[in-house]
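# Structural overview
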Number of protein chains: 2
Amino acid sequence: MQKLRVHGFGISLDGYSAGPNQSLDHPLGVGGTGLMEWFFPTRTFQKMHNLEPRDTVGLQSVPDHLFGQEGGETGIDDDFAARGFENIGAWIIGRNMFGPIRGAWLNDDWKGWWGDNPVFHCDVFVLTHYTRPPLTMKGGTTFHFLTDGIETALQRARTAAKEKDVRLGGGTATVRAYLRAGLVDQLHLAQSPVLLGSGESLFTGLDLISLGYRCVERVPSSRTTHLVLARS
Amino acid sequence: MQKLRVHGFGISLDGYSAGPNQSLDHPLGVGGTGLMEWFFPTRTFQKMHNLEPRDTVGLQSVPDHLFGQEGGETGIDDDFAARGFENIGAWIIGRNMFGPIRGAWLNDDWKGWWGDNPVFHCDVFVLTHYTRPPLTMKGGTTFHFLTDGIETALQRARTAAKEKDVRLGGGTATVRAYLRAGLVDQLHLAQSPVLLGSGESLFTGLDLISLGYRCVERVPSSRTTHLVLARS
């Protein structure tokens, strides 16, 4: 069975998956980068971003010392990071994960946060209200801009993924929409010991128990607590 | 400096501190007992409830095997449980923690969940909208029913506590009111790997960052993640 999987979705201890005031300088909102501090030192992240790391990820707020580490760290955090890239044949991401632009596309200049050779290496379906031609990048990544809803996007992604699973990226609104529709098979959260105070709440108004989800795995590391939710 | 401290406040991974539909059978709401499963096996809990445990705590939904353990468990969970009773000279609790009755007191029959000899052994100030004479129990516990707001209750409790600290119990609304007023000095949360889906949310609409709180301690145990928030 082809699954729809969310991985490495960082949340604060007060339940926010992004801080307030998202912008080009703060793609995860103010303070939001703190939710991913378990991810940056991992071997998986360092391998993905070993060339010109600032340009390829666009995370200007990531501290210097987290880049260029020799090989990156292995262990619990890296195991969970690596799982997120296993057996993935296509991605679905929200417009807000693709970039900071809101409303109509002014032109085709913005090509995502990830540079010329994005980390996906497969078809990526971007949910948007504004049409735009597909964008083929180096390394096998093609961004498709879809305007006809989450179910159609999932069908397209499933077909593109062939036998493999589909990974669902952020932002929060996108993950919430797929959860509310009961379409997410597995949700890996990394709950960090930081407060954000405001921002985008993953849980507010979303009754995950009624939607059939349970916590099926919990592994604390020194930096975060990994939690896997699945439908029972 | 006399502190106002919250201890052992259980929350679910989706941020609820009590489940839906609180009642005599479900003092923490449906599913809410799951938030306290780290606490029941501890030596601290077992010592407090070593006589007729069902009567003294009123938690009919607590599984049998969690009572009558020889001495209870020591370790991380017990260390945090024990902290909550160190240097405490008075308590403040909400009406909903005192009992399941809502609205006016019909009579003085309800004397709390804790039997004739409650676990407090000091003055306990109960926040309510309905006056009632003080209630003196065995073992040094006196319940005082206060109707003139959280700040007056804190003054009364501080005086009663003399040099010691004041412990703030639940329920959620009470803790939120004191947090919003910036009066809580220390908040120990135990975040359990369970979903509740709905119920009373500790965080919704409460910007703990703006209120000056930070997470100053995080200790995962096998059952829960202990988090201590304090004002910086």
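Everything below is about the structure shown above.
Predicted model, so just to flag it, every value in this text is computed and none were measured.

## Considerations on the overall build of chain A
- A count of helical and extended segments in chain A gives 6 helices and 11 strands.
- The principal-axis extents of the C-alpha atoms in chain A amount to approximately 45 × 45 × 35 Å.
- By residue count, 53% of the 232 residues in chain A fall in the buried class.
- Put simply, of all contacts in chain A between residues at least 6 apart along the chain, 67% involve residues at least 24 apart.
- About 10,100 Å² of surface is accessible on chain A, with carbon and sulfur atoms providing 50% of the total.
- Within chain A, one finds 22 positive and 24 negative side-chain charges whose respective centroids are separated by 5 Å.

## Quick notes on the environment of Ile92 of chain A
Residues and elements named next belong to chain A.
- Mapped onto the elements, Ile92 comes out in strand β3 (residues 88-94).
- Residues Ile92 and Leu13, 79 residues apart in the sequence, show an inter-C-alpha distance of 26 Å.
- The residues touching Ile92, leaving out its near neighbours within four places in the chain, are Leu4, Phe125, Leu127, Ala153, Leu154, Ala157, Val166, Arg167, Leu168, Gly169 and Tyr178.

## Points about the side chain of Thr128 of chain A
Residues and elements named next belong to chain A.
- On the secondary structure map, Thr128 appears in the loop between β4 (123-127) and β5 (135-136).
- On the basis of relative accessibility, which here comes to 6%, the residue Thr128 falls in the buried class.
- Ignoring any residue separated from it by four or fewer positions in sequence, one finds Thr128 in contact with Arg95, Trp105, Phe145, Leu146 and Thr147.

## With respect to the environment of Met97 of chain A
Residues and elements named next belong to chain A.
- With respect to the secondary-structure elements, Met97 resides in helix α4 (residues 95-98).
- Distance from Met97 to Leu28, taken between C-alpha atoms, is 9.0 Å for residues 69 residues apart in sequence.
- Filtering out sequence-adjacent residues up to four positions away, Met97 remains in contact with Trp91, Trp113, Trp114, Gly169, Gly170 and Gly171.

## Things to note about unusual backbone geometry
- In the segment running from Gly170 of chain A into Gly171 of chain A, the intervening peptide bond is cis, with an omega of 0°.
- Its identity as a non-glycine residue notwithstanding, Lys162 of chain A has a phi of 55°, on the positive side.
- With a relative accessible area of 65%, Lys162 of chain A lands in the exposed category.
- In this structure, His121 of chain B is a non-glycine residue whose phi angle is positive, near 60°.
- Inspection of the secondary structure puts His121 of chain B in the loop between α4 (95-98) and β4 (123-127).

## Observations concerning the interface of chain A and chain B
- Counting residues at the interface gives 28 residues for chain A and 28 residues for chain B.
- Taken over both partners, the interface formed by chain A and chain B buries close to 2,000 Å², and the fraction arising from carbon and sulfur atoms is 60%.
- Ranking the residues of chain A by area buried against chain B places Leu13, Leu195 and Arg218 of chain A at the top, with a combined share of 32%.
- Put simply, the parts of the chain that give the side of chain A that touches chain B at least two residues each are β8 (186-191), β10 (213-220) and β11 (225-231) of chain A.

## Side note on the packing of aromatic side chains
Residue and element names in this part refer to chain B.
- Enumeration over the complete set of coordinates arrives at 28 aromatic pairs over all chains.
- Taking 6.5 Å as the distance between ring centres and 45° as the angle between the ring planes, the aromatic pair formed by Phe98 and Trp114 counts as tilted. Of this pair, Phe98 sits in helix α4 while Trp114 sits in the loop between α4 and β4, and the two are 16 residues apart along the sequence.
- For Phe98, a relative accessible area of 0% puts it in the buried group.

## Concerning the sheet that holds β11 of chain A
Residue and element names in this part refer to chain A.
- Strand order in the open sheet made by the 9 strands is β5-β6-β4-β3-β7-β1-β8-β11-β10, with mixed pairing throughout. Single-partner strands in this sheet number two, and they are β5 and β10.
- Contacting β1 (4-11), β3, β4, β6 (142-146) and β7 (165-168), helix α5 (residues 150-161) runs over the sheet at an angle of about 155° to β3.
- Sheet strands touched by helix α6 (residues 172-180): β1, β3, β4, β7, β8 and β10. Its angle to β1, the strand with the most contacts, is close to 135°.

## Describing the relation of the copies chain A and chain B
- Turning chain A through 180° and shifting it by 0.0 Å along the axis lays it on chain B, with an RMSD of 0.0 Å. Considering both components of the superposition, the chain copies are consistent with a two-fold axis.
- The overlap is high: 100% of the interface residues of chain A also sit at the interface in chain B, so the same surface is used on both sides.

## What about helix α3 (residues 76-83) of chain B?
- Listed as buried for α3 of chain B are Asp77, Asp78, Phe80 and Ala81 of chain B. Projected down its long axis, α3 of chain B carries its buried residues within an arc of 160°, all on one side.

## Remarks on the pairing of β7 of chain A
Residue and element names in this part refer to chain A.
- Side chains Asp165 and Arg167 of β7 all project onto a buried face; the interleaved residues Val166 and Leu168 project onto the opposite face, where all are buried too.
- Pairing geometry for β1 and β7, over 2 bridges, is parallel. Its bridge partner being in β7, Arg5 is matched across the sheet by Arg167.
- Looking at chain direction, β3 and β7 are connected through 4 bridges and run parallel. Opposite Trp91, over in β7, you have Arg167 as the bridge partner.

About the cut-offs
Residues numbered from 1 in each chain as written. Chains lettered and ligands numbered in written order. Predicted model: local features only at pLDDT ≥ 70, side-chain atom pairs only at ≥ 80, totals over all residues. Heavy atoms only, no water. Helix = DSSP H or I, 4+ residues; strand = E, 2+ residues; numbered from the N terminus. Buried < 20%, exposed > 50% of the residue type's maximum accessible area, 1.4 Å probe, protein only. Contact = heavy atoms within 4.5 Å. Areas by Shrake-Rupley, 256 points an atom, 1.4 Å probe, with all protein chains shown as cover. Lys, Arg positive; Asp, Glu negative; His and termini not counted. Charge placed at Lys NZ, Arg CZ, Asp CG, Glu CD. Buried area = accessible area lost by both parts, 1.4 Å probe. Phe/Tyr/Trp six-rings, centres within 6.5 Å; stacked < 30°, edge-to-face > 60°. Pairing = 2+ DSSP bridges. Axes fitted to C-alpha atoms, helices over the stretch in contact; angles between N-to-C directions. Least-squares fit on C-alpha atoms with pLDDT ≥ 70 in both. Arc of directions from axis to C-beta.

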